[in-house]
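Tertiary structure, described
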Amino acid sequence: MRHAAHATRKGVGAIALTKSLFTTKHGAHSAESVYASKAAGGEVAGLDPALARKLNEVAPLTRRSIRESARAAQRRNTILASASLAALVGTAATSMAFMKADDEMLPPLADGAETTQTLDISRVTDAGASRSDVREVIDGQESTAVTGSWNLGETNTVKDAASLTTAKAYNNKVSKLVDKDEEQLPAGFNANHATGDVGNAYPWGQCTWWSYERRHQLGLSTGSHFGDARSWGASAQALGYWVDNQARAVGDVLVFAPGQEGAHGYYGHVAIVEAVNPDGSIRISESNVEGLGVISQREFTADQAKTFTYIHY
């Protein structure tokens, strides 16, 4: 149903119309709404059109217009506040940067003098960095030696010095053996000596073939061209292997002299130490004693063990 339009009031003055514009009323068909609509178009009797336009600019005619005006004002205030805050933060950061400047980096200028300072920045190389215990003399200063000591607790005694370091050998198995035998090593022994190992070049099934194979199974190198069994000790020692007359660990090569303990009268014999017992006796593995390629074992007493030559590592 459509509502009939209200009759237009006659004789409404400018003062009454202005009052109605600032008075909130509900309903789209209230008298005040009608007056406001006509005032916007300058249709109210006795009201100058220019004055009506000014009134509409000063006072919004609807609650929606009021809300939109308030939101627009709030947006303007937010933008102004954000811009002010950003400017304040930038000013504070700049001030702090100048406050932290090192006065030594900018030496004072002489009266009336002007200069430009250039920073020469270059990479520090290994040659330019000192890693020695004594510093070189700089600008006429005396050199200073770095001194000091470790405080290990109530006493400065290390209970197990051997546990602090590990021998730097390429072969991890050799490193462990060298650490174990550190006090008995020959002077100047090099754990990384030449091995002469380029693969098993010995005839299959011979004692030399088995000694090479077994050593590799245990992680130890052996020269590929040590020659006949009788010459293994001298060949190994020439390359830097540790050679003596004491069985020390599993993997040592035992060298029989020609004719010793049943060895061949000319070629001699070699075997591998498989066990070193607490009483000094040993057990060995060997090939070609009971047949070509046949691996067998024997044991020798401590007194017998002392008569052989041993190649260690």
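Residues numbered from 1 in each chain as written. Predicted model: local features only at pLDDT ≥ 70, side-chain atom pairs only at ≥ 80, totals over all residues. Heavy atoms only, no water.

So, about a nonpolar patch on the surface. Together, Leu85, Leu88 and Val89 make up an exposed nonpolar region whose accessible area comes to about 310 Å². Along the chain, Val89 falls in helix H4 (residues 63–99). A relative accessible area of 51% places Val89 in the exposed class. (Patch = residues over 30% accessible without salt bridge, like charges linked within 9 Å, V, L, I, M, F, W, Y side chains within 5 Å. Areas by Shrake-Rupley, 256 points an atom, 1.4 Å probe, with all protein chains shown as cover. Salt bridge = Lys/Arg side-chain N within 4 Å of Asp/Glu carboxyl O. Helix = DSSP H or I, 4+ residues; strand = E, 2+ residues; numbered from the N terminus. Buried < 20%, exposed > 50% of the residue type's maximum accessible area, 1.4 Å probe, protein only.)

A separate point is the sheet that holds strand S5 (residues 295–300). Taken in spatial order, the 6 strands of this open sheet run S1-S6-S2-S3-S4-S5, and their pairing is antiparallel. Two strands close off the open sheet at either side, each with one partner strand: strand S1 (243–244) and S5. One ladder, built from 4 bridges, connects strand S2 (residues 253–256) with strand S3 (residues 269–276); its direction is antiparallel. The partner of Val253 across the bridge, within S3, is Ile272. (Pairing = 2+ DSSP bridges.)

We describe a pair of aromatic rings using the distance from one ring centre to the other and the angle between the two ring planes. On inspection of all chains with the given rule, the structure shows 12 aromatic pairs. Taken together, a centroid distance of 6.4 Å and an interplanar angle of 50° make the contact between Trp209 and Trp210 tilted. You'll find Trp209 and Trp210 in the same group, each marked buried. It is Arg230 that lies over the ring of Tyr266; its NZ or CZ is 3.9 Å from the centre. (Phe/Tyr/Trp six-rings, centres within 6.5 Å; stacked < 30°, edge-to-face > 60°. Lys NZ or Arg CZ within 6 Å of the ring centre and 35° of its normal.)

Right, let's talk about the nonpolar core for a bit. Core analysis: the biggest nonpolar cluster contains 17 residues, and Trp232, Val253, Val270 and Ile311 have the highest contact counts within it. Every element with two or more residues in this core is listed here: helix H6 (207–217), helix H7 (232–239), S2 and S3. If you tally residues by element for this core, the top one is H6, at 4 residues. When neighbours within four sequence positions are excluded, Val253 is seen to be in contact with Arg215, Trp232, Val270, Ala271, Ile272, Thr309, Tyr310 and Ile311. Of all hydrophobic cores here, the second largest spans 12 residues; its members include Phe256, Ala263, Ala271 and Ala305. (Core = buried A, V, L, I, M, F, W, Y, C linked by side-chain atoms within 4.5 Å. Contact = heavy atoms within 4.5 Å.)

Moving on, we get to the side chain of Ser211. Of note, Ser211 is situated in helix H6. With relative accessibility at 0%, the residue Ser211 sits in the buried group. Reaching out from Ser211, the side chain makes a polar contact with the backbone oxygen of Cys207 at a distance of 3.0 Å. Those residues in contact with Ser211 that sit more than four places away from it in its chain are Trp232, Val270, Ala271 and Ile272. (Polar contact = N/O pair within 3.5 Å; in protein donor to acceptor, adjacent residues only side chain to side chain.)

Our focus in this paragraph is the pairing of S3. For a regular strand, the rule is simple: side chains alternate between the two faces of the sheet. The buried fraction of S3 amounts to 7 of the 8 residues, a majority that puts the element mostly inside the structure. Note that S3 and strand S4 (residues 282–287) share 4 bridges and pair antiparallel. Residue Ile272 lies in a different strand from S4, and its bridge partner there is Ser285. Here S3 folds back onto S4 in antiparallel fashion, the turn holding 5 residues, of which Gly280 has a positive phi close to 95°.

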